[in-house]
Amino acid sequence: MLHYIHVSSRDRNELIDITDRVEEIVRQSGVSSGVCHLFTFHTTAAVTINEGADPAVRRDIAGFLARLVPVDASFSHGEGNSDSHVKTSLVGPSQTVIIEEGRLLLGTWQAIFFCEFDGPRARKVAVKIMPDP
Ligand code: ZN
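### Looking at the state of the cysteines
Using the criterion set out here, one finds zero disulfides in the structure. No disulfide involves C36; its sulfur sits 16 Å from the nearest other cysteine sulfur, which is in C115.

Shown next as structure tokens:
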């Protein structure tokens, strides 16, 4: 079962909580035990799992990555968004979450974030639900 989550980012660097949308896909799948794979098709966006309770954490992560990899004219890539490509490789394009009792097996404070590094843009995340064999 393959699904897509469409995301519209508003900032150049932004973490967007997509946990509820992934949970809804898992719920509708009817799978009680298995795994949920998430994958972005973008070269300047990523997926991560981190604290969802305090919105300051997602802002700190996006802000720190922006300071860690600044827009730098000395990059070779002509599009001028090499910082976005580097941040994407640091975070990575995918995550896997265990499904148990029909729900994502996440820690109390964990949430799934789409990471925008070259927004604002319209994006999508592929969600593959795989039941236990
Ligand atoms: Zn580029």
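We are not done yet, so read on.
### Describing the sheet that holds strand β7 (residues 110-116)
Strand order in this open sheet of three strands is β2-β7-β4, and the pairing throughout is antiparallel. The sheet is open, and its two borders are formed by β2 (14-17) and β4 (45-51), each paired with just one other strand. On average, each strand axis in the sheet is tilted by 35 degrees relative to the strand beside it, whichever way the strands run. Inspection of the sheet shows β2 paired to β7 by four bridges, in the antiparallel sense. What sits directly across from D17, in β7, is F113. Relative to β2, helix α2 (residues 55-68) is tilted by about 145 degrees, and along the sheet it contacts β2, β4 and β7.

Calculation criteria
Residues numbered from 1 in each chain as written. Predicted model: local features only at pLDDT ≥ 70, side-chain atom pairs only at ≥ 80, totals over all residues. Heavy atoms only, no water. Disulfide = S-S within 2.5 Å. Pairing = 2+ DSSP bridges. Helix = DSSP H or I, 4+ residues; strand = E, 2+ residues; numbered from the N terminus. Axes fitted to C-alpha atoms, helices over the stretch in contact; angles between N-to-C directions. Contact = heavy atoms within 4.5 Å.

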